[in-house]
Amino acid sequence: MKDNIGNFKELEMINALNGKKIKDLNQNLKFMVKEIFGVVDEEEIIKAESIDKFIKPDFSITYKGITKHISMKSGQAESLHQEDIKKFIFFLRKFNVSERTQKTILLYQYGDMTLDGSGKERLPYVKLRSLLAERLKLVNEELNKNSDLVKAIAERTIFKGTFDENIAADYVYHGDVNYGITVSKAQIMRFIELKKYKFIDVPHFGPILFRPHARYIGKEIKNPESRQKVDFYWPRLESSLRYISARYYG
């Protein structure tokens, strides 16, 4: 869920767009609408609505009966998605990910050299990375050689979420009412398909990294459910979106 600042910026966007003629929008929002809908009639009134907080799009924009769904990011936000580790493993099995890679991901998740978090000692990150270094290298090689899997992860973590019936985001918008970057799903998918990330040594799918939500190293496990969650994030998300916006079309 978003923090209060994120919710405020989203509401501010909706209020600035909804019920307004395109010609009356500020230059940033007018540019965003044109990025999404192409050539527009500036006399046309657009509609903007908030969307359920538990799916990827945050709001929609409707122009002449055509509706597009937008996922909004702001500030230094890098977080994309969170889900149960077992659900994630089941998803990987649909792509025939090897049993060895599945096990390595579980070892990395729990940090106690077990596949279910039942170990007595949760290892410090540096030690765990050292012990799993070769296995993690093989994980990244396997996960990233399958472009269909990498794109499916992007679809799951950025645009649609875990349920087939969810509304998918068509665009990612990073910014606020006065300044922002609008990037389409097609642009992001094209970028992910062409760009290689062999220099990343932590578990990842292209630019999308994943890690346990909480290992509780050297401390009491206050929330067992948190140990079962895996977080997905995109480092330097804003600068990446800026790069994609300038160099990829779609």
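One can find the structure itself at the top, above this paragraph.
This section reports on the structure supplied with the text.

Each value, and the rule that gives it
- Residues numbered from 1 in each chain as written.
- Predicted model: local features only at pLDDT ≥ 70, side-chain atom pairs only at ≥ 80, totals over all residues.
- Heavy atoms only, no water.
- Helix = DSSP H or I, 4+ residues; strand = E, 2+ residues; numbered from the N terminus.
- Rg over C-alpha atoms; globule rule 2.2 N^0.38 Å.
- Buried < 20%, exposed > 50% of the residue type's maximum accessible area, 1.4 Å probe, protein only.
- Contact = heavy atoms within 4.5 Å.
- Areas by Shrake-Rupley, 256 points an atom, 1.4 Å probe, with all protein chains shown as cover.
- Lys, Arg positive; Asp, Glu negative; His and termini not counted.
- Charge placed at Lys NZ, Arg CZ, Asp CG, Glu CD.
- Pairing = 2+ DSSP bridges.
- Axes fitted to C-alpha atoms, helices over the stretch in contact; angles between N-to-C directions.
- Left-handed = near helix turned anticlockwise from the far one by under 90°.
- Nonpolar A, V, L, I, M, F, W, Y, C, P; charged D, E, K, R; others polar.
- Salt bridge = Lys/Arg side-chain N within 4 Å of Asp/Glu carboxyl O.
- Expected span 1.5 Å × (residues − 1).
- Bend = angle between axes of the 7 residues up to and from the residue.

Glancing now at the overall build of the chain. Within the chain, the secondary structure is distributed over nine helices and nine strands. Its C-alpha atoms give the chain a radius of gyration of 20 Å, near enough to 18 Å, the size a compact globule of 250 residues would have. Per-residue burial for the chain yields a buried fraction of 49% across its 250 residues. Taking the intrachain contacts of the chain between residues at least 6 apart in sequence as the baseline, contacts between residues at least 24 apart amount to 63%. For the chain, the accessible surface area stands at approximately 13,200 Å², while carbon and sulfur atoms represent 51% of it. Side chains of the chain give 43 positive and 34 negative charges; the mean places of these two sets differ by 4 Å.

Right, let's talk about the sheet that holds strand 4 (residues 79-84) for a bit. Spatially, the four strands line up as an open sheet ordered 4-9-8-7, and their pairing is antiparallel. Of all the strands in the sheet, the pair left with one neighbour each is strand 4 and strand 7 (204-205). Contacting strand 4, strand 7, strand 8 (208-212) and strand 9 (229-233), helix 3 (residues 85-93) runs over the sheet at an angle of about 95 degrees to strand 4.

For R156, the position within the fold is in helix 6 (residues 147-160). On the basis of relative accessibility, which here comes to 8%, the residue R156 falls in the buried class. Discounting residues that sit within four places of it in the chain, R156 has contacts with K56, H81, E83, K87, F91, G161 and T162.

The N-to-C vectors of helix 6 and helix 7 (residues 185-194) enclose an angle of 140 degrees; their axes lie 10 Å apart at closest approach. By crossing handedness, the relation of helix 6 to helix 7 is classed as right-handed. Side by side, helix 6 and helix 7 meet where V150, K151, A154, E155, I158 and F159 of the first sit next to K185, I188, M189, I192 and E193 of the second. Residues of the contact of helix 6 with helix 7, tallied by class, amount to seven nonpolar, no polar and four charged.

Let us look at the pattern of salt bridges. For the coordinates displayed, the defined rule picks out twelve salt bridges. The partner of E155 in a salt bridge is K185, and the shortest N-O contact between them spans 2.5 Å. Of this pair, E155 sits in helix 6 while K185 sits in helix 7, and the two are 30 residues apart along the sequence. Between E238 and R242 there is a salt bridge, with the nearest N and O atoms lying 2.9 Å from each other. Of this pair, E238 and R242 both sit in helix 9 (residues 237-247), four residues apart, which is roughly one turn of that helix.

Our focus in this paragraph is helix 5 (residues 125-145). Here helix 5 spans only 26 Å end to end across 21 residues, well under the 30 Å set by a 1.5 Å rise per residue. Along helix 5, the sharpest kink reaches roughly 65 degrees, centred on A133.

Spatial ordering of the open sheet is given by 1-2-3-5-6, a layout of five strands whose pairing is mixed. Two strands lie at the open edges of the sheet, namely strand 1 (47-50) and strand 6 (180-184), each paired on one side alone. Between one strand axis and the next, the sheet turns through 25 degrees on average, direction left out of account. Pairing of strand 3 (residues 66-73) with strand 5 (residues 171-175), which is carried by four bridges, proceeds in the parallel orientation. Counted as the bridge partner of K73 is H174 from strand 5.

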